[in-house]
Amino acid sequence: MTVEASGTVEAPVLEIRDLVKHFPATGGFATTRKTDVVRAVDGVSFILRAGETLGLVGESGCGKSTVARTLLRLEEPTAGAALFHGQDIFTATSMELKNIRRRLQVIFQDPYASLNPRMTVANIISEPWVIHPDAAPKAERADRVRTLLENVGLRREHAERYPHEFSGGQRQRIGIARAIALNPEVLICDEPVSALDVSVQAQVVNLLMEIQERLNIAYVFIAHDLSVVRHMSHRIAVMYLGRIVEIGAKDEIYNHPRHPYTKALLSAEPSLDFSSTRKKSSRIILKGEAPSPSNPPSGCPFRNRCWKAQDICAHASPVLEGHAGHRVACYDPEFS
Amino acid sequence: MPDPILEIDDLRIEFRSGGEIVHAANGVSFQINPGETAAILGESGSGKSVTAAAVMRLLQSPPAFITGGAVRFKGQDVLGMPIAKWRDYCGREIAMVFQDALTSLNPVFSVGWQIAELFRAHGVAFGRDANARAVDLLNRVGIPDPALRAKDYAHQFSGGMRQRVMIAMAIALGPDLLIADEPTTALDVTVQAQIMELLEELRAESNMAMILITHDLGVVADVADNVAVMYAGRVVERGPVSEVLARPGHAYTLALLDSVPRANSLGQHLKPIIGSPPDLARIPKGCAFHPRCRFATDLCRNEEPPSVAVTPRRIAECHHVEAVFNDS
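All of the points below concern the structure found in this document.

## Considering the sheet that holds strand β7 (residues 186–190) of chain A
Residue and element names in this part refer to chain A.
Part 1 of the reasoning: Pairing is mixed across the open sheet formed by eight strands, whose spatial order is β6-β7-β8-β3-β9-β10-β12-β11. The open sheet has two edge strands with one neighbour each: β6 (104–107) and β11 (321–323). Pairs of neighbouring strands in the sheet enclose a mean axial angle of 15°, with direction left out of account.
Part 2 of the reasoning: Note that strand β3 (residues 53–57) and strand β8 (residues 218–223) share five bridges and pair parallel. When the bridges of β8 are listed, Thr 53 appears paired with Tyr 219.

## Looking at the sheet that holds strand β12 (residues 314–317) of chain B
All names here are of chain B.
Part 1 of the reasoning: The eight strands lie next to each other as β6-β7-β8-β3-β9-β10-β12-β11, forming an open sheet whose pairing is mixed. Strands with a single pairing partner mark the edges of an open sheet, and in this sheet they are β6 (94–97) and β11 (307–311). Strand after strand, the sheet turns through a mean of 20° between neighbouring axes, direction not considered.
Part 2 of the reasoning: The pairing of strand β9 (residues 226–231) with strand β10 (residues 234–240) spans six bridges and is antiparallel.

## With respect to the packing of helix α7 (residues 159–171) of chain B against helix α8 (residues 189–206) of chain B
Between two packed helices, what matters for the description is the angle formed by their axes and the separation of those axes.
Residues and elements named next belong to chain B.
Part 1 of the reasoning: At a closest axis distance of 10 Å, the pairing of α7 and α8 adopts a crossing angle of 15°. In this view, α7 runs roughly parallel relative to α8, as classed from their interaxial angle. Considering the relative orientation of α7 and α8, their crossing is right-handed. Contacts between α7 and α8 involve Gly 160, Gln 163, Arg 164, Ile 167 and Ile 171 from the former and Val 191, Gln 194, Ile 195, Leu 198, Leu 199 and Leu 202 from the latter.
Part 2 of the reasoning: The class makeup of the residues in the contact of α7 with α8 is seven nonpolar, three polar and one charged.

## Examining the environment of A:Val38
Part 1 of the reasoning: Structurally, A:Val38 is set in strand β2 (residues 34–48).
Part 2 of the reasoning: The contacts of A:Val38, once residues within four sequence positions are left out, are A:Lys21, A:His22, A:Phe23, A:Ala25, A:Pro293 and A:Ser294.

## Quick notes on α7(B)
Residue and element names in this part refer to chain B.
Part 1 of the reasoning: Over its 13 residues, α7 extends 19 Å from the first C-alpha to the last, a length consistent with the 18 Å expected when each residue adds 1.5 Å.
Part 2 of the reasoning: Taken across its 13 residues, α7 has eleven buried, putting it largely inside the fold.
Part 3 of the reasoning: Turning to α7, its buried residues are Gly 160, Met 161, Arg 162, Gln 163, Arg 164, Val 165, Met 166, Ile 167, Ala 168, Ala 170 and Ile 171.

## Remarks on the environment of A:Val205
Part 1 of the reasoning: Looking at the secondary structure, you find A:Val205 in helix α6 (residues 198–215).
Part 2 of the reasoning: We classify A:Val205 as buried; its relative accessible area is 1%.
Part 3 of the reasoning: In this structure, the C-alpha to C-alpha distance between A:Val205 and A:His315, residues 110 residues apart in sequence, is 42 Å.
Part 4 of the reasoning: Not counting chain neighbours up to four residues away, the residues in contact with A:Val205 comprise A:Val193, A:Val228, A:His231, A:Met232 and B:Leu270.

## Examining the side chain of A:Lys64
Part 1 of the reasoning: Relative to the helices and strands, A:Lys64 is located in helix α1 (residues 64–71).
Part 2 of the reasoning: With sequence-adjacent residues up to four places away left out, A:Lys64 is seen in contact with A:Leu56, A:Val57, A:Gly58, A:Glu59, A:Glu191, A:Ile222, A:Ala223, A:His224 and A:Met239.

## With respect to the pairing of β6(B)
Residue and element names in this part refer to chain B.
Part 1 of the reasoning: Judged by which residues are buried, β6 turns out to be covered on both faces: Ile 94 and Met 96 on one side and Ala 95 and Val 97 on the other are all buried.
Part 2 of the reasoning: Looking at chain direction, β6 and strand β7 (residues 177–181) are connected through four bridges and run parallel. The residue of β7 that forms the bridge with Val 97 is Ala 180.

## As for the interface of chain A and chain B
Part 1 of the reasoning: With 35 residues of chain A at the contact, the number on the chain B side is 45 residues.
Part 2 of the reasoning: Of the roughly 3400 Å² buried where chain A meets chain B, counting both sides, 57% is carbon and sulfur surface.
Part 3 of the reasoning: The tally of links between chain A and chain B comes to one salt bridge.
Part 4 of the reasoning: Sorting the residues of the side of chain A that touches chain B by element identifies α6, α7 (226–232) and α9 (260–268) of chain A as the ones contributing at least two each.
Part 5 of the reasoning: Tallying contributions element by element places α6(A) first for the side of chain A that touches chain B, with ten residues.
Part 6 of the reasoning: Residue composition of the side of chain A that touches chain B, grouped by class: 14 nonpolar, nine polar and twelve charged.

## Focus on unusual backbone geometry
Peptide bonds are, in most cases, trans, and in most cases residues other than glycine have a negative phi.
Part 1 of the reasoning: Put simply, B:Ser61 and B:Pro62 share a cis peptide bond, and its omega is -10°.
Part 2 of the reasoning: Within the secondary structure, B:Pro62 is located in the loop between α1 (48–55) and β4 (64–73).
Part 3 of the reasoning: Residue B:Pro63 is bonded to the preceding B:Pro62 through a cis peptide linkage, with omega at 10°.
Part 4 of the reasoning: With respect to the secondary-structure elements, B:Pro63 resides in the loop between α1 and β4.
Part 5 of the reasoning: If you check the backbone angles, A:Arg73 has positive phi at about 60° while not being a glycine.
Part 6 of the reasoning: Mapped onto the fold, A:Arg73 is located in the loop between α1 and β4 (79–84).
Part 7 of the reasoning: Unlike most non-glycine residues, A:Leu241 shows phi in positive territory, near 50°.

## Topic: the pattern of salt bridges
Residues and elements named next belong to chain B.
Part 1 of the reasoning: This structure, assessed with the given rule, holds 39 salt bridges over all chains.
Part 2 of the reasoning: A salt bridge links Glu 201 to Arg 140; the shortest N-O distance between them is 3.3 Å. Here Arg 140 lies in helix α5 (residues 127–140) and Glu 201 lies in helix α8, a separation of 61 residues in the sequence.
Part 3 of the reasoning: Since its relative accessible area comes to 38%, Glu 201 is described here as partly exposed.
Part 4 of the reasoning: A relative accessible area of 27% places Arg 140 in the partly exposed class.
Part 5 of the reasoning: Of the charged contacts, one joins Arg 282 and Asp 279 as a salt bridge, the two residues approaching to 2.3 Å between their closest N and O atoms.
Part 6 of the reasoning: Within this structure, Glu 237, Glu 243, Arg 313 and Arg 314 form a network of salt bridges that share partners.

## Notes on the packing of aromatic side chains
Part 1 of the reasoning: The tally for this structure, following the rule as stated, stands at nine aromatic pairs over all chains.
Part 2 of the reasoning: Measuring from ring centre to ring centre gives 4.5 Å for A:Tyr240 and A:Tyr261, while their planes differ by 55°; the resulting arrangement is tilted. In this pair, A:Tyr240 sits in strand β9 (residues 235–240) while A:Tyr261 sits in helix α9, placing the two residues 21 residues apart along the sequence.
Part 3 of the reasoning: Residue class for A:Tyr240 comes out buried when judged on its relative accessible area of 2%.
Part 4 of the reasoning: Ring centres 5.3 Å apart and planes at 65° place the aromatic pair A:Tyr261 and A:Phe302 in the edge-to-face group. Placement of A:Tyr261 in helix α9 and of A:Phe302 in the loop between α9 and α10 (311–315) is noted, with a sequence separation of 41 residues between them. Across the pair, A:Phe302 and A:Tyr261 agree in class, each one buried.
Part 5 of the reasoning: These aromatic residues form a ring-pair network of at least three members: A:Tyr240, A:Tyr261 and A:Phe302.
Part 6 of the reasoning: For B:Arg16, the ring lying beneath its charged end belongs to B:Phe65, and the centroid distance is 4.1 Å.

Parameters at a glance
- Residues numbered from 1 in each chain as written.
- Chains lettered and ligands numbered in written order.
- Predicted model: local features only at pLDDT ≥ 70, side-chain atom pairs only at ≥ 80, totals over all residues.
- Heavy atoms only, no water.
- Pairing = 2+ DSSP bridges.
- Helix = DSSP H or I, 4+ residues; strand = E, 2+ residues; numbered from the N terminus.
- Axes fitted to C-alpha atoms, helices over the stretch in contact; angles between N-to-C directions.
- Parallel < 35°, antiparallel > 145°, perpendicular 65-115°, else oblique.
- Left-handed = near helix turned anticlockwise from the far one by under 90°.
- Contact = heavy atoms within 4.5 Å.
- Nonpolar A, V, L, I, M, F, W, Y, C, P; charged D, E, K, R; others polar.
- Expected span 1.5 Å × (residues − 1).
- Buried < 20%, exposed > 50% of the residue type's maximum accessible area, 1.4 Å probe, protein only.
- Buried area = accessible area lost by both parts, 1.4 Å probe.
- Salt bridge = Lys/Arg side-chain N within 4 Å of Asp/Glu carboxyl O.
- Phe/Tyr/Trp six-rings, centres within 6.5 Å; stacked < 30°, edge-to-face > 60°.
- Lys NZ or Arg CZ within 6 Å of the ring centre and 35° of its normal.

See the structure below:
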């Protein structure tokens, strides 16, 4: 197996190659006739190295959550491969998958829907050990639940309570404790702080960063809040209409964005820094809205909103090009 | 100083249900001048939306009860105004844009019909004239093919376009005050930028005043002239945005600013606010923020903080304004 970027020093934990997920769209209700496909993810490739955070940003409908769900095989991919330490998640048998999932865990966005209201916190956190009994001997489980609770900033006595007794931020901590109960190598975080109040977001962001420092877990961090992603991530992938349009080191993407969509996205973000050189007048306001993934434009998916579109953009799809630290899929990459 | 267009004075609202009293607003005071953009900033449960709903007289009673205070629009008492007169006022003088455009629009009438209904209900225009005005408005808020789209229903529009329809309805009768309650919270950032630009354009064009209710510090910094920061049903700090966000005088404002990721906080841990916002049925004694505050002393635990003029244009309700101001 070849590693995608040959210059890398270590083999990636996770390597996604040409991931495609098309959903069949049926023609209205009372019919099952397949009329169309929704191209939710349309050829996404990236790697994730041990202990790093890859931020996946993009607007609603760009396919970022679908990427996460296919990686966990909550959705079956249409095509492509996802290699976890060289083993393809998509072709793994159920026994192999069980092993992979032990090392690849997830935190969901909605801390209200992702915890079973009828289970105590102790049962929620120790449920992974029911599936993987060898991960924690029965006699130790009660103690380990309490240690995990302390690790995520809750108290030992919370173990016997039920989810409804906790606030949103605390519930997200419970979800994190459950996710790290099996000492995973990769954690997929699907909008983990989006549902939380501003003052509580920072608590969870800090917790995730502390856990990464302590346990060296790699994160795929999905969010639409650019400032949170910038804070958390080492590398960033920007998605638009099912494809990655730009990927690179965080500083490269934020300080020297090259894809027009990335520039527009960064400039649209309301800024708190009054001293910032980015004035309102220089803000890029995109025309229109993202097209439907069931009917994307030919060629470059961004071309109909792009102020730099040329003839070629309508005929050919740009591919990610550049050096390993920063790659862009655009026919007009500006070097700033 | 011009006379304020809207004055909210010591407004108190409580919700009574199941033997519990939820104190949603505990003496909210706030004013806005003609043509100004003011933001009400707060987290969920801070009382910002409930204050707006009270101003618009949208609160259902029971469970909501206005137990004190007054709202004056152009000097006239709003809360005591006969409802028929208020209905005529609504739309013509004050209008509101809600966060969730899909549930705010009627699903069984075309959007053109709904906009035209405003003209008909207020006796401004009828028949074809009303319809033509509706199409003009859709055009004004940037909806492509307005004549065709006027015949479409709410579900046929995207989130951003739906919000434009809401804005078209709000500005239809040329109000002097627009209250926008989290108008872009459900939208993507690039669409948010479009909507905020549109609102600002419309506001400047007719010198309309705008109250923007939001939890997003960035949006406040971007568009508002003045800001009122709310916590546990009170305005804890208010003043010009450039002053308040650059150098807060209230411990909560400072803590909120410290807790959001910014360009200069990269690679560091954030400084979160401990705990979570208070239960409004059990608001802490003294200063409501004291259990989460790093400046808190016994004074804060026992006595409600006074209003302190931080600068000539700015007020904060905090026992430790000086310490906070010097720390920020």
